[in-house]
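Listed below are the residues making up each chain.
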2 protein chains.
Amino acid sequence: MAGDVVQLDDLLATLDRTGPMPLYFQVSSAIERAIRSGEIAPGARLENEIAIAQRLGLSRPTIRRAMEELVDKGLLVRRRGIGTQVVQGQVTRQVELTSLYEDLQNSHHAPGTRVLVHDTRPADDATAAALSVPAGSDVVYLRRQRSTDGVPVAVLVNYLPPDFADITTDQLEAKGLYQILRARGVTIRVANQRIGARRAHGDEGELLDIDKGGPVLTMERVAYDASGRAVEFGHHCYRPDMYSFETTLVAK
Amino acid sequence: MAGDVVQLDDLLATLDRTGPMPLYFQVSSAIERAIRSGEIAPGARLENEIAIAQRLGLSRPTIRRAMEELVDKGLLVRRRGIGTQVVQGQVTRQVELTSLYEDLQNSHHAPGTRVLVHDTRPADDATAAALSVPAGSDVVYLRRQRSTDGVPVAVLVNYLPPDFADITTDQLEAKGLYQILRARGVTIRVANQRIGARRAHGDEGELLDIDKGGPVLTMERVAYDASGRAVEFGHHCYRPDMYSFETTLVAK
DNA sequence: AAGTGGTCTAGACCACAAT
DNA sequence: TTGTGGTCTAGACCACTTA
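Residues numbered from 1 in each chain as written. Chains lettered and ligands numbered in written order. Predicted model: local features only at pLDDT ≥ 70, side-chain atom pairs only at ≥ 80, totals over all residues. Heavy atoms only, no water.

**Focus: the UniProt feature "domain: HTH gntR-type" (unreviewed entry) in chain A**
Stage number 1. In the numbering used here, UniProt assigns the feature "domain: HTH gntR-type" (unreviewed entry) to residues 21-89 of chain A.
Stage number 2. Structurally, residues 21-89 of chain A comprises 51% helix and 14% strand, and the distance from its first C-alpha atom to its last is 30 Å. (UniProt positions renumbered as here; feature names shortened; annotations may be inferred. Helix = DSSP H or I, 4+ residues; strand = E, 2+ residues; numbered from the N terminus.)

So this is what it looks like as structure tokens:
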């Protein structure tokens, strides 16, 4: 029963061994594109690793690495003794490590930012613990209203370590926080976040243009840079009819 | 500056090459335990891969595999030319691919289930699409109230393919859905989920013991088994003061 | 220049599932 | 018995960072 096994000849032509893009990434990207475009149907079986490796002139570990990438993304399912299959059902994108600003940009909307508060203040205990700074020491405090196409989407509260005190309000109105950090050489690598819900408090109802006491989606996040240092602590609330979190989970 | 580099001698004694547990997993588990217990401090640098490999008598790829495991869990951060460091800040557990029942069990509470509805009915369009069954064909419908220590936590609505029609209400009262599926040889491998918020509808306020129209946290999930087939579609709502979703995100 | 992780190769043996 | 993915080895070369 090798009839409905998908072969991957077209990939051969596009492999580039001179550029900086890893071979395993070229392979996984090509397969991912084929799956998302429907060229490879949901449920289809792929050739085995060794056959693909020979066909593409690559080693088996390189192909394995490409496959693992796609398993982690929830696009493929593998079973020992059986083979590799494409997952049924429409594929949704991952929750990625981006700021809301970039999320909105990527969905082809025009994000807007209004900076409500931007100052430096002593950290409360929770913030000091999250950012690993001494309790009561100064941190940067931000409160912003985020909108898309003129409709308010979220109220964002952030705390940053004091060495980011020179970020300007103008920068914050023009770009996403993560973009500003990246331009300063700070890239976010890891984040812990908690998603919940509650009633809108204080002026949130007004800022989000929803009923007072209406439901909001909340997210708390502590983000770490490439050296493992905490660089951002935030607690945000979102208009639930404008935003939700999508995830793909893969059992290990 | 090799002064504050953590060495990993203790691991050597515990390596077992006879059992079924992979070596890379033994290594990553031991390091994970050391990090979570505080034996290795946040921010600490680890030895380089080759040194660890030699020290433990393993090959470099095996050590790499162990490290990758920990990077994916958000415990380690690696930089080319620099080294490997433990992430700062307290480590939170992953959102895993478990049912709410198991979540509550693992947090040492006594989960309870009340089956509100359990029947077979024609699938509406959204359900049929999610489960990849013909529109209007019969599916299993479940509505359950989940509580912990007597306090209501969630109202769970699930749709299952028709071959699960023989699951009994008694089974559902006694165990989590995923445990029942696993006992039938069905293991969940991949799931797509969306988390949001809204007002409580209909009898949800009563069932969750919250104010009518109060906020609830919602989750929609489509889960797939090892062959990539959709085996569960659910939309649930949670009492926001009793439940939230924690995630660790890692940039790729 | 030295040290680090990132990629890649070419094999080997094993556990598991189907036939 | 055959075919599959899972694990493991022992190297090699490269890109990047720091000194």
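From this point, the discussion proceeds with the structure in view.
**Quick word on the protein's contact with DNA strand C**
Stage number 1. Near DNA strand C, the surroundings consist of 24 residues, among which R17, L23, S59 and T62 of chain A together with R60 of chain B are the closest.
Stage number 2. Backbone atoms, meaning sugar and phosphate, form 68% of the atoms of DNA strand C found within 4 Å of the protein.
Stage number 3. One nitrogen or oxygen atom from the side chain of R78 of chain B is found 3.5 Å from a phosphate oxygen belonging to DNA strand C.
Stage number 4. At 3.4 Å, a side-chain N or O of R80 of chain B approaches a sugar or linking oxygen of DNA strand C.
Stage number 5. Residue assignment for the surface near DNA strand C shows that the elements contributing at least two residues are α2 (23-36) and α4 (60-72) of chain A together with α4 (60-72), β3 (76-79) and β4 (83-86) of chain B. (Near = heavy atom within 4 Å. Polar contact = N/O pair within 3.5 Å; in protein donor to acceptor, adjacent residues only side chain to side chain.)

**Notes on the protein's contact with DNA strand D**
Stage number 1. Neighbouring residues of DNA strand D: 24 residues in total, closest N48 and R60 of chain A together with L23, S59 and T62 of chain B.
Stage number 2. Here, DNA strand D places atoms within 4 Å of the protein, and 68% of those atoms are sugar or phosphate.
Stage number 3. R64 of chain A places a polar side-chain atom, nitrogen or oxygen, 3.0 Å from a phosphate oxygen of DNA strand D.
Stage number 4. Side-chain polar atom of R80 of chain B to a sugar or linking oxygen of DNA strand D: 3.4 Å apart, as the coordinates give it.
Stage number 5. The element contributing the most residues to the surface near DNA strand D is α4 of chain B, with four residues.
Stage number 6. Among the residues making up the surface near DNA strand D, the classes are represented as seven nonpolar, seven polar and ten charged. (Nonpolar A, V, L, I, M, F, W, Y, C, P; charged D, E, K, R; others polar.)

**Overview of the sheet that holds β4 of chain B**
All names here are of chain B.
Stage number 1. Sheet architecture is open: four strands sit in the order β1-β2-β4-β3, paired in mixed fashion. Of all strands in the sheet, those with a lone pairing partner are β1 (5-6) and β3, marking the two edges.
Stage number 2. Sheet analysis places β1 next to strand β2 (residues 45-46), joined by two bridges and oriented parallel. Bridging across to β2, V6 finds its partner in L46. (Pairing = 2+ DSSP bridges.)

**So, the domain arrangement of chain A**
Stage number 1. Taken domain by domain, chain A holds domain 1 (5-86) and domain 2 (91-246).
Stage number 2. Once you take the C-alpha centre of each, domain 1 of chain A and domain 2 of chain A turn out to be 37 Å apart. (Domains from an automatic or database assignment.)

**A few points about the relation of the copies chain A and chain B**
Stage number 1. Superposing chain A onto chain B takes a rotation of 180 degrees plus a shift of 0.0 Å along the axis, which leaves an RMSD of 0.0 Å. The operation mapping one copy onto its partner corresponds to a two-fold rotation axis. Among all residues of chain A, the minimum C-alpha distance to the rotation axis is found for P215 of chain A, at 2.3 Å.
Stage number 2. Counting the interface residues of chain A, we find that 96% of their copies in chain B are interface residues as well, pointing to one common contact surface. (Least-squares fit on C-alpha atoms with pLDDT ≥ 70 in both. Contact = heavy atoms within 4.5 Å.)

**Some points on the packing of aromatic side chains**
Note on aromatic pairs: each is described by the distance of the centres and the angle between the planes.
Residues and elements named next belong to chain A.
Stage number 1. Going through the model one piece at a time under the given rule, you end up with ten aromatic pairs over all chains.
Stage number 2. Taking the centre distance of 5.8 Å and the plane angle of 20 degrees together, the rings of Y159 and F233 count as stacked. Taken together, the residues span a long stretch of sequence, with Y159 in strand β7 (residues 151-160) and F233 in strand β10 (residues 230-238) at a distance of 74 residues. The burial state of Y159 is the same as that of F233; both residues are buried.
Stage number 3. Clustering of aromatic rings is evident, with ring pairs tying together Y141, Y159 and F233.
Stage number 4. Seen from the ring of Y24, R65 lies directly overhead, with NZ or CZ sitting 3.9 Å from the centre. (Phe/Tyr/Trp six-rings, centres within 6.5 Å; stacked < 30°, edge-to-face > 60°. Buried < 20%, exposed > 50% of the residue type's maximum accessible area, 1.4 Å probe, protein only. Lys NZ or Arg CZ within 6 Å of the ring centre and 35° of its normal.)

**Considering the pattern of salt bridges**
Stage number 1. In total, this model carries 32 salt bridges over all chains according to the counting rule given.
Stage number 2. Here D163 of chain B and R229 of chain B are joined by a salt bridge, their closest N and O atoms 3.3 Å apart. On the criterion of sequence distance, the pair formed by D163 of chain B in the loop between β7 (151-160) and α7 (169-174) and R229 of chain B in the loop between β9 (215-225) and β10 (230-238) is long-range, its members being 66 residues apart.
Stage number 3. A residue is classified by how much of its surface remains accessible, and D163 of chain B, at 40% relative accessible area, is partly exposed.
Stage number 4. A network of salt bridges, in which partner residues are shared, links E49, R60, R64, E68 and R78 of chain A. (Salt bridge = Lys/Arg side-chain N within 4 Å of Asp/Glu carboxyl O.)

**Topic: the nonpolar core**
Residue and element names in this part refer to chain B.
Stage number 1. Judged by nonpolar contacts, the single largest core of 25 residues is most densely connected at I31, I40, I63 and L76.
Stage number 2. The set of elements that each furnish at least two residues to this core consists of α2 (23-36), α3 (49-56) and α4.
Stage number 3. Here this core gets seven residues from one element, more than from any other, and that element is α2.
Stage number 4. The residues touching I31, leaving out its near neighbours within four places in the chain, are L8, L11, I40, L46 and L70. (Core = buried A, V, L, I, M, F, W, Y, C linked by side-chain atoms within 4.5 Å.)

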